[in-house]
Amino acid sequence: MIGAPQSAVAARRWLERIRALPLNGRVRVMNVCGGHERSISMAGLRGVLPQQIELIPGPGCPVCVCPEEDVYAAIRLAARKEVILVAFGDMLRVPANLPKNEPRSLEQARAAGGDVRPIASPQEAARIARANPDRDVVFFAAGFETTTAPVAALVAEGLPDNLSILLSGRLTWPAVAMLLDSEEAGFDALIAPGHVSTVMGPEEWRFVPERHGIPSAVAGFETDSLLAALHSVLSQHLEGRAVLDNSYETVARPGGNPTARRLIAETLDVVDATWRGIGVIPKSGFALKPRFAAFDAVRRFDLDLAEARKRAGEMPPGCDCARVVLGRIYPNQCVLFGKACTPRTPIGPCMVSDEGACRIWWSSGIRHAKSHDRAVAG
């Protein structure tokens, strides 16, 4: 087990308790967060849990669901000589559906002469803008609530006049709500993301047990927290009850982070938003409030995101990343996985990001379909 000795001892105890549960049929447990999937896979939990338990990767990879048209817009902006395009590192390799003779990613746009710079925090975008007052700096800001909160703080502090934002922020819970409202949810229990709950509050996930009768628990990233949450939802499943448990209560507290939530509410509106390969999910995205419209890169540069292009908005040809994100298939059930699509030559965004299930499974050594023979229903 990973983690500190005390954590490892606690993890072993939770594992023993899980193994002692009288499971008599398959139980499908979706983990929403890409960080959870990384912890699960790197710790080898699927190999030590009872065979009846299926751990299904969910939609918690912001790079994977970032709209293809936003990536395309960022590539177009990077081609402008007057623009410095900054983005979080994972976004540089995400492919757009473009002809082979054009840059298909920000990384390729940089190789073609664009001034594209990876950053680790929103504050870096402001520093670059202040250091280059004679140039336009565009911050391509993609991410979920934990990334969007610092972006909101940056906007609230006041942006340099030459800095604009190409915002591609998403909320996590609407994707799960969409799955639960579909004909086949594909899971019997839910492990909710601890980092999102830290910002927005664990109670944001109450709708899962209250509206849909599905056992749920918030978990952190250590193995003991994940196993505690797993034990909770399995116990609920056996007892025929459904509540929201909090196995990350020392960090994810009721109400979340009041400052972060206030900054988001002051600077951003919640809007309908597109998820790559999935479509529009109501009230699942963030947009700058009208009073900050001057800093919206789409408006500042008069970008036409609806421009007609072949396969605009879709995953690359043959890529099953959307079904992986929705928990319909496992990563190694995609025909491209480990063949044409590897971390060195990623075809889809799920193989690009450290939070993408395909990248995680490859890095964890789960390379071929025979490595994992439990099928996902749906």
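Preceding block: the structure.
Residues numbered from 1 in each chain as written. Predicted model: local features only at pLDDT ≥ 70, side-chain atom pairs only at ≥ 80, totals over all residues. Heavy atoms only, no water.

Draft legend 1. Inspection of the overall build of the protein at higher detail. The secondary structure content of the protein amounts to 16 helices and 11 strands. Over its C-alpha atoms the protein spans a radius of gyration of 21 Å, differing by no more than 12% from the 21 Å that the globule rule assigns to 378 residues. In terms of principal-axis extent, the alpha carbons of the protein reach across some 65 × 45 × 40 Å. Expressed as a percentage of the 378 residues in the protein, the buried residues total 57%. Within the protein, residue pairs in contact and separated by at least 24 positions form 76% of the contacts whose partners lie at least 6 positions apart. Per element, the accessible surface of the protein, about 15,700 Å² overall, is 50% carbon and sulfur. Separation between the mean location of the 43 positive side-chain charges and that of the 41 negative ones in the protein comes to 4 Å. (Helix = DSSP H or I, 4+ residues; strand = E, 2+ residues; numbered from the N terminus. Rg over C-alpha atoms; globule rule 2.2 N^0.38 Å. Buried < 20%, exposed > 50% of the residue type's maximum accessible area, 1.4 Å probe, protein only. Contact = heavy atoms within 4.5 Å. Areas by Shrake-Rupley, 256 points an atom, 1.4 Å probe, with all protein chains shown as cover. Lys, Arg positive; Asp, Glu negative; His and termini not counted. Charge placed at Lys NZ, Arg CZ, Asp CG, Glu CD.)

Draft legend 2. Inspection of the sheet that holds strand β4 (residues 115-119) at higher detail. Reading across the sheet, the 4 strands line up as β4-β3-β5-β6 and stay open at both edges, with parallel pairing between neighbours. The open sheet has two edge strands with one neighbour each: β4 and β6 (163-169). When the angles between neighbouring strand axes are averaged without regard to direction, this sheet yields 20°. Relative to β4, strand β3 (residues 83-88) is paired through 5 bridges, and the arrangement is parallel. The residue bridging Val86 from the neighbouring strand is Arg117, located in β4. (Pairing = 2+ DSSP bridges. Axes fitted to C-alpha atoms, helices over the stretch in contact; angles between N-to-C directions.)

Draft legend 3. Seen up close, the nonpolar core. Core analysis: the largest hydrophobic core is formed by 74 residues, its most contacted members being Leu85, Met91, Leu106, Phe140, Val176 and Phe187. In terms of residues, this core owes the most to one element, helix α5 (residues 68-78), which gives 7 residues. (Core = buried A, V, L, I, M, F, W, Y, C linked by side-chain atoms within 4.5 Å.)

Draft legend 4. Representation of helix α8 (residues 145-157). Here α8 spans 18 Å end to end across 13 residues, near enough to the 18 Å set by a 1.5 Å rise per residue. For α8, the complete set of buried residues consists of Glu145, Thr148, Ala149, Val151, Ala152, Ala153, Leu154 and Val155. In the segment just after α8, Gly158 is the residue with positive phi, at about 110°. (Expected span 1.5 Å × (residues − 1).)

Draft legend 5. Representation of helix α2 (residues 34-42). Where burial is concerned, most of α2 is hidden: 7 out of the 9 residues are buried. For α2, the set of buried residues is Gly34, Gly35, His36, Glu37, Ser39, Ile40 and Ser41. After α2 finishes, the residue Gly44 shows a positive phi value of roughly 70°.

Draft legend 6. Fine view of the state of the cysteines. Applying the stated rule across the entire model yields 2 disulfides. Across a sulfur-sulfur distance of 2.3 Å, Cys61 and Cys64 are joined as a disulfide pair. The disulfide joining Cys61 to Cys64 has a torsion of about 75° about its S-S bond and is therefore right-handed. The side chain of Cys321 participates in a disulfide bridge whose partner is Cys350; the two sulfur atoms lie 1.9 Å from each other. One disulfide, between Cys321 and Cys350, carries an S-S torsion of 75° and so falls in the right-handed class. Residue Cys321 is found in helix α15 (residues 321-325), and its partner Cys350 is found in the loop between α15 and α16 (357-363); the two are separated by 29 residues along the sequence. As far as the burial class goes, Cys321 and Cys350 line up, both buried. (Disulfide = S-S within 2.5 Å.)

Draft legend 7. Representation of the pattern of salt bridges. For the structure shown, the criterion picks out 13 salt bridges. Here Glu54 ties to Arg26 by a salt bridge, and the two come within 3.2 Å at their closest N and O atoms. Placement of the pair is Glu54 in strand β2 (residues 53-60) and Arg26 in the loop between α1 (5-19) and β1 (27-33), with a sequence separation of 28 residues. Judged by relative accessible area, Glu54 falls into the buried class, the value being 3%. The partner of Lys289 in a salt bridge is Asp269, and the shortest N-O contact between them spans 2.6 Å. Placement of the pair is Lys289 in the loop between β11 (279-288) and α14 (297-300) and Asp269 in strand β10 (residues 268-275), with a sequence separation of 20 residues. Residue class for Asp269 comes out partly exposed when judged on its relative accessible area of 26%. Here the residues in one salt-bridge network are Asp115, Arg117 and Arg135, joined through shared partners. (Salt bridge = Lys/Arg side-chain N within 4 Å of Asp/Glu carboxyl O.)

Draft legend 8. Representation of unusual backbone geometry in the model. Positive phi is not limited to glycine here, since Lys283 has a value of about 50°. With respect to the helices, strands and loops of the structure, Lys283 is situated in strand β11.

Draft legend 9. Local environment of the layout of surface pockets. There is about 440 Å³ of room inside the largest pocket. In this structure, the largest pocket is lined by 24 residues; those nearest its centre are Leu167, Arg170, Val271, Phe286 and Ala287. Contributing elements (two or more residues each) for the lining of the largest pocket: α5, β6, β10, β11 and α14. In terms of residue count, the dominant contributor to the lining of the largest pocket is β11 (5 residues). Taken together, the residues of the lining of the largest pocket break down into 14 nonpolar, 3 polar and 7 charged. Pro95, Ala96, Leu98, Arg104 and Pro316 are, among the 15 residues lining the second largest pocket, the residues nearest its centre. (1 Å grid on protein atoms, 1.4 Å probe; cavity = no way out; pocket = protein on both sides within 12 Å on 5 of 7 lines; lining within 4 Å. Points joined across faces, edges and corners; volume = space filled by probe spheres on them. Nonpolar A, V, L, I, M, F, W, Y, C, P; charged D, E, K, R; others polar.)

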